[in-house]
Amino acid sequence: MDFTFSLLAIAVVSTLSSSAAYFLMRRKFLGELERGRERELELGRRVYENAVLYEVSKRIGYLLDAQKIIEIISGSLGNIVRYSTVSYMVIDDQRQRVRFDCTVNEDVSRKFISEVKMNMLSTFSELNDRLLKESDVEEKISGRIVGEEGASMIASYFNLPIMVSGRTVGLINVSSKNEREYLRKDIEVLEKIAKQASDAVTSLHEVLENEKGKLEQAVESLADGMFMVDAKYSVVISNKKFESMLKMANAPRFFEIVNAFSGKLDVRSKVEEVLVSQNKVLEVEIIFEELTYRVSFARVVDKNNIPHGVVALFHDITHEKSLEKLRQDFTAMMVHELRSPLTSIKTTVEFLQGELGKVTEDELRKYFLTIENISHSMLEIVNDLLDVAKLEAGKFDVVCESGDIARVIRESVEQFKPVSEEKNIKLDVVVGENLPNAWLDKMRMKQVISNLLSNSFKYTNSGRVTVTVKKEVVNGSPVDILISVSDTGIGIEREAVGKLFSKYGQLKSGRVKAGAKSSGLGLFISKGIIEASGGKIWVESEGIGKGSTFYFTVPIATVDLVRKNAEANRTAVLASAGSKLVGYTSEKVGRA
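All of the points below concern the structure found in this document. (Residues numbered from 1 in each chain as written. Predicted model: local features only at pLDDT ≥ 70, side-chain atom pairs only at ≥ 80, totals over all residues. Heavy atoms only, no water.)

What follows is about the overall build of the protein chain. When its secondary structure is counted, the protein chain shows 17 helices and 17 strands. A total of 592 residues make up the protein chain; the buried ones form 37% of that total. When contacts within the protein chain are restricted to residue pairs at least 6 apart in sequence, long-range pairs at least 24 apart make up 63% of them. Surface exposure of the protein chain reaches about 35000 Å², of which carbon and sulfur atoms provide 53%. (Helix = DSSP H or I, 4+ residues; strand = E, 2+ residues; numbered from the N terminus. Buried < 20%, exposed > 50% of the residue type's maximum accessible area, 1.4 Å probe, protein only. Contact = heavy atoms within 4.5 Å. Areas by Shrake-Rupley, 256 points an atom, 1.4 Å probe, with all protein chains shown as cover.)

Spelled out as structure tokens, the structure:
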């Protein structure tokens, strides 16, 4: 019996073991099946999340509008989580208002939405370190109709801040009337979407900020004043030059620009005209604060040729206008200076033709001398004009060689002795001792001295004119030869000293008058000759009535200069037989 009982016990244990093994295997199988289903669900969830991420990213594209970006993200949340309401909040900086947009998906009460709004307002204020009030909020509610019978309390929620370049630009809120609705993994997915959008926009924002910085630097570096307005007449940008024109410390607003130019330029009408006109550029000239400006208005259009604003450029043309007036005055003066002697010659010739038999030989010789003198004056004017044209074209040759500067000066002075005696003005020449040879073009140097002496006698009525030539010594060694022409004439205003050597310099200073028998170009030509010879020229005067002294220098004819000149000539002859090069030209020699 004991044996039978043992067999029975063994059979029972064996059966129980088999059953236990079966259940264990079945449990393991079901567990694996469940985990497989979970993995499949998780994989499907991730695929779906990635699809949502891709869709959000694609729709955001190159948007920089924070509200649009937040709208796209909040509109995609229903595909990932359940919610009673999804809301977003952004700040409209231009209008200084807060926008609250709430989409209702389930039955909730007005109190529920009010709690969402206040929750977001508090969080947004804290994130931006800025106190936002309910009175600042403009709200928009869409979706289901909100009544008083729906859920009034928020059971679960989370806030999702949207950051761009480290700044909170918006806040998304997802709220539910059900408790424990949102798991951590749900929030992580939404945070991933928000981060991806923020990173993309931040990168684009940084690129645009860099480009904007470059553009602003370019605008600030403009020598012209400039501003741009958009299609709504808001000033987009203006540079410091334009702000200084208006005497404003900060960027002006459009109405301030309109008021500043009132009576001188109708800015608003010009902007409107350019916006609607097919011509993209409109130019006008105005006088503003005693300066003349050429104002150019141009449309700013996109790739579809849709206008987005107008840019205005204020170019100061005061100097150009002044030069144009000087040129016109100079031309009028030259016409007068040439017409008057031509008229005199014509009158004399007509008189002689009619009275030839009645005119004595002495009288005839006198008339011929008058015609010769007049012709000589006209020829000098024409030569001056030709010299200026050559100087400006870079074809004015100054051929330097070693020469006796004292002899050149004495020969030039000798020609002015009749003028000196006629005007009873003493003419002196002072030559320094042991004067070395100068490096000069003798003909051109006589032209310079004649121009300076002519100037001195023209503006001196009494006293003396003195020409001095000496070595200029620095640290005990001669460096060049200094020549000066001084007079006791009318002098020069300090303000006019810097203008005399320009093309219209004497005209600017008022020293050239009609009937002066001069082109007024002598000093401009003299400056070109001296600088081409390697020297410099300047003038000093203590003011009106105190006379003036013109100084210029010429290089000493050193052995090195002579050798370089000879080498240059040999090179020129070998390089091109029949070349136009005559000697060694000034620009090369003077700066050797």
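Below, the discussion takes up unusual backbone geometry. Look at N424: it is not a glycine, yet its phi comes out positive at around 55°. Mapped onto the elements of the fold, N424 is located in the loop between helix 11 (417-423) and strand 12 (426-431). Residue class for N424 comes out exposed when judged on its relative accessible area of 66%. We note that N434 has phi near 50°; this positive angle belongs to a residue other than glycine. Relative to the assigned elements, N434 resides in the loop between strand 12 and strand 13 (438-440). Classification of N434 by relative accessible area gives exposed; the value is 67%.

Another point: the packing of helix 10 (residues 405-414) against helix 12 (residues 442-458). In the contact formed by helix 10 and helix 12, the axes pass within 9 Å of each other and the chain directions differ by 45°. For the element pair helix 10 / helix 12, the angle class is oblique. You can see that helix 10 and helix 12 cross each other, and the crossing is right-handed. Between helix 10, through I405, V408, I409, E411, S412 and V413, and helix 12, the contact on the second element is made entirely by K442, M445, K446, I449 and L453. Grouping the constituent residues of the contact of helix 10 with helix 12 by class yields seven nonpolar, one polar and three charged. (Axes fitted to C-alpha atoms, helices over the stretch in contact; angles between N-to-C directions. Parallel < 35°, antiparallel > 145°, perpendicular 65-115°, else oblique. Left-handed = near helix turned anticlockwise from the far one by under 90°. Nonpolar A, V, L, I, M, F, W, Y, C, P; charged D, E, K, R; others polar.)

For the rest of this paragraph, the subject is the pairing of strand 3 (residues 137-143). Pairing geometry for strand 2 (residues 97-104) and strand 3, over seven bridges, is parallel. Across the sheet, residue C102 finds its bridge partner in strand 3, namely I141. Handedness of the crossover is the feature at issue here: the chain leaves strand 2, passes through helix 3 (residues 110-128), returns alongside strand 3, and the resulting connection is right-handed. (Pairing = 2+ DSSP bridges. Right-handed = clockwise from strand over helix to strand, strands pointing away.)

One open sheet holds the five strands; their spatial order is 7-6-10-9-8, and the pairing between them is antiparallel. The open sheet has two free edges, formed respectively by strand 7 (235-238) and strand 8 (281-288), since each of these has just one partner strand. With direction set aside, neighbouring strand axes in the sheet form an average angle of 20°. Here strand 6 (residues 225-230) pairs with strand 7 via three bridges, running antiparallel. When the sheet's bridge partners are listed, M228 is paired in strand 7 with I237. Here helix 7 (residues 267-276) sits on the sheet in contact with strand 6, strand 8, strand 9 (291-301) and strand 10 (307-316), set at roughly 35° to strand 9.

With that settled, consider the nonpolar core. Residues I405, M445, L453, I483 and F552 are the most contacted members of the largest nonpolar core, which totals 45 residues. Where this core is concerned, the elements lending two or more residues are helix 10, strand 13, helix 12, strand 14 (464-474), strand 15 (477-487), helix 15 (522-532), strand 16 (537-540) and strand 17 (548-555). What M445 contacts, discounting residues up to four positions off in sequence, is I405, V408, L440, I530, F552 and V554. In terms of nonpolar packing, the next biggest core, distinct from the first, is built from 25 residues, I70, V81, I172 and I193 among them. (Core = buried A, V, L, I, M, F, W, Y, C linked by side-chain atoms within 4.5 Å.)

Considering all chains together, one arrives at twelve aromatic pairs under this definition. Centre to centre, the rings of F501 and F550 are 6.2 Å apart; their planes meet at 80°, and the pair counts as edge-to-face. Of this pair, F501 sits in the loop between helix 13 (494-497) and helix 14 (505-509) while F550 sits in strand 17, placing them 49 residues apart in sequence. As far as the burial class goes, F501 and F550 line up, both buried. Between W538 and Y551, the aromatic rings sit 5.3 Å apart at their centres with planes inclined by 15°, giving stacked as the arrangement. (Phe/Tyr/Trp six-rings, centres within 6.5 Å; stacked < 30°, edge-to-face > 60°.)

Taken in spatial order, the five strands of this open sheet run 12-14-15-17-16, and their pairing is mixed. Two strands in the sheet have a free side with no partner beyond their single neighbour: strand 12 and strand 16. Across the sheet, the axes of successive neighbouring strands diverge by a mean angle of 20°, strand direction being ignored. Two elements, strand 16 and strand 17, share four bridges in a ladder whose sense is antiparallel. Residue pairing for strand 17: I537 is matched across the bridge by F552. On top of the sheet, helix 10 reaches strand 12, strand 14 and strand 15; it is set at about 175° to strand 12, its chief contact.

Residue placement: S456 occurs in helix 12. For S456, a relative accessible area of 0% gives the class buried. Not counting the four nearest positions on each side in its chain, S456 is found in contact with V465, V485 and D487.

Next up on the list: helix 9 (residues 361-393). Taking 1.5 Å of rise per residue, 33 residues should cover 48 Å, and helix 9 covers 47 Å from first to last C-alpha, within 8% of that figure. Of all the positions in helix 9, only I371, I374, M378, I381, D384, D387 and V388 are classed as buried. Once helix 9 ends, the next one or two residues include G394, with phi positive near 75°. (Expected span 1.5 Å × (residues − 1).)

With 19 residues, helix 3 ought to run about 27 Å at 1.5 Å a step, and its terminal C-alpha atoms sit 27 Å apart, in line with that. Along its buried surface, helix 3 packs onto strand 1 (85-92), strand 2, strand 3, strand 4 (156-164) and strand 5 (167-176). Positive phi shows up at D129, right after helix 3, with a value of about 50°.

The subject of this paragraph is the environment of V189. Mapped onto the elements, V189 comes out in helix 4 (residues 184-220). Note: C-alpha distance between V189 and I80 (109 residues apart in sequence) is 8.3 Å.

Looking now at the side chain of T168. Structurally, T168 is set in strand 5. Not counting residues up to four positions away in its chain, the partners in contact with T168 are F124, L127, N128, P161, I162 and M163.

Before going further, it helps to spend a moment on the pairing of strand 17. Burial analysis of strand 17 places seven of its eight residues in the buried class, the great majority of the element. Of the strand pairs in this sheet, strand 15 and strand 17 are connected by eight bridges, and their pairing is antiparallel. What sits directly across from L482, in strand 17, is T553.

Turning our attention to the environment of V164. Here V164 is to be found in strand 4. For V164, a relative accessible area of 13% translates into the label buried. On a C-alpha basis, the gap between V164 and A200 in space is 9.0 Å, while along the polypeptide they are 36 residues apart.

Fair warning: the whole summary comes from geometry, so function is off the table for now.
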